[in-house]
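Chains, contacts and geometry: an overview
Below are the chains, spelled out letter by letter.
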Amino acid sequence: MKLNEIRTFIAVADAQSVQEAGNRLGLTQSAVSRLIQRLEAELGVVLFDRQTKPLALTRDGELALAHARRILAAASDFADAFAGSVEPRGLLRLGVAHVLTALAAGRPLDDLRAGFPGLTVRLHSDWSNPLIEQVRAGTLDGGLILMCEEQTPPDDLPARRIGTEDVSIVASPDRSVGADLASMNEHGWVLQPNGCRYREALHQALAPLGLQPNVTVEAYDQSLLVSLVARGVGFGLAPMGLIAPIPGAAMVRPVDLPGFRMAVTIWLIQSRTTGRIAPVFDRLEEALRRELAAAQPVNQAMERIAFLHSAAE
């Protein structure tokens, strides 16, 4: 019985899908299936009911999962006991919420590579809730996630609050903005698919008006969404400080809509035991804070432009 079999079993149980577990682990679907079959053969039990969709654990599988999590945690504890002051090396598996990709993959990533040349960084983009579960399961070493302003990460995961960002309605510079949310909704929105916290907030804001979000285009790629807003395809939702690293961010402007406010908090979470890569999170936290601080002047300038546009209109 090997740790990679146990790790793969936990990933499949959490994802409820062989294919999705493969995506999270960087393995092919057939490789994941072989590892699960090998573990089942060694234990002499069937771990998953393969007739269900999504994939469900059998009773033996539920029992095995509890043991598997303890084994993986114990293995991490064992590695941590010898971490000492050895320079972090090897693979860092870092999850990043979709909207934070531009932030993390810029100067903070360069800073990590410069500080830890023996480290290989594997970035995985997903929604914040799945990232939390992947960090908890040990398939990711840490994650950069977004939460609503009043929320905090689960207590069982070490977490560092990086900062809070206001979410703005954004529009192209030459668009004549409607006076209310209903007028904007009539024109349409350019948003990420369901699961996006901004989209959920917009849905709640429109509900009292008896409206559903009129989404004209949806995409995961924040750069694409910003470019579509700049072209006037629709209105968008974004924290100005977080989209500042995107080249097209200078082509959109925030819209001040009275009564509409949303803020999100950025958190850096990590697995309970991180071994030799623990110092990496200290450096990453510092780099992320610097990047957000550097974006503030840009954010303020864009807000000033928005004020001048609204005064002209």
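What this report covers is the structure whose coordinates are included nearby. Counting from 1, residues in each chain are numbered in the order their sequence is written. For this predicted model, a pLDDT threshold of at least 70 governs which residues receive local features, and a threshold of 80 or more governs which side-chain atom pairs are given and counted, while totals over whole chains, interfaces and linings are taken from all residues. The side-chain values count all of the structure's non-hydrogen atoms but skip hydrogen atoms and water molecules.

1. Some words on the pairing of strand E9 (residues 236-239)
Burial classification: accessible surface area is computed with a 1.4 Å probe over protein chains only, and a residue below 20% of its type maximum counts as buried, one above 50% as exposed, and the rest as partly exposed. Put simply, DSSP H or I for four residues or longer makes a helix, DSSP E for two residues or longer makes a strand, and each gets a number counted from the N terminus. Judged by which residues are buried, E9 turns out to be covered on both faces: Gly236 and Ala238 on one side and Leu237 and Pro239 on the other are all buried. Sheet topology places strand E6 (residues 159-171) next to E9; four bridges connect them, and they run antiparallel. Of the residues in E9, the one forming a bridge with Ser168 is Ala238. The rule for pairing is simple: two strands pair if DSSP sees at least two bridges between them.

2. Things to note about the packing of aromatic side chains
Each Phe, Tyr or Trp ring, with Trp reduced to its six-membered ring, pairs with another whose centre is within 6.5 Å; inter-plane angles below 30 degrees give stacked pairs, above 60 give edge-to-face pairs, and intermediate values give tilted ones. Here the structure, examined in full by the defined rule, presents three aromatic pairs. Look at Trp127 and Tyr220: their rings are 5.6 Å apart centre to centre, the planes differ by 50°, and that puts the pair in the tilted class. With Trp127 in the loop between strand E4 (119-126) and helix H7 (128-137) and Tyr220 in the loop between strand E8 (215-218) and helix H10 (222-230), the pair connects residues that are 93 residues apart, well separated along the chain. Judged by relative accessible area, which is 17%, Trp127 ranks as buried. Between Trp189 and Phe235, the aromatic rings sit 5.9 Å apart at their centres with planes inclined by 55°, giving tilted as the arrangement.

3. Notes on the nonpolar core
To qualify as a nonpolar core, a set must consist of buried Ala, Val, Leu, Ile, Met, Phe, Trp, Tyr and Cys residues joined through side-chain atoms within 4.5 Å. Core analysis: the largest hydrophobic core is formed by 43 residues, its most contacted members being Leu100, Leu144, Ile169, Trp189, Tyr198 and Leu237. No other element matches the five residues that helix H12 (residues 278-312) contributes to this core. The criterion used for residue contact is that any of the two residues' heavy atoms lie within 4.5 Å. Excluding its chain neighbours within four sequence positions, the residues that come into contact with Tyr198 are Val99, Leu146, Val167, Leu237, Ala238, Pro239, Leu242, Met262 and Val264. Judged by nonpolar contacts, the second largest core, of 21 residues, contains Ala11, Ala13, Ala15 and Ala64.

4. Let's talk about the side chain of Asp126
Topologically, Asp126 is positioned in strand E4. Charged residues are defined here as Lys and Arg on the positive side and Asp and Glu on the negative side; His and the ends of the chain fall outside this count. The salt bridge definition used is simple: a Lys or Arg side-chain nitrogen within 4 Å of an Asp or Glu carboxyl oxygen. For the buried Asp126, no salt bridge is present, and the opposite-charge side chain at shortest range is Arg24, 4.7 Å distant. Leave out the neighbours within four places in its chain, and Asp126 touches Glu20, Val96, Ala97, His98, Leu131 and Gln134.

5. Notes on the pairing of E8
Pairing of strand E7 (residues 189-191) with E8, which is carried by three bridges, proceeds in the parallel orientation. Each residue of the ladder has a partner; that of Val190, found in E8, is Val217. Where the polypeptide runs from E7 across helix H9 (residues 197-206) and back to E8, its parallel neighbour, the crossover connection is right-handed. Seen with its strands pointing away from the viewer, a crossover is right-handed if its path from the first strand over the helix to the second goes clockwise.

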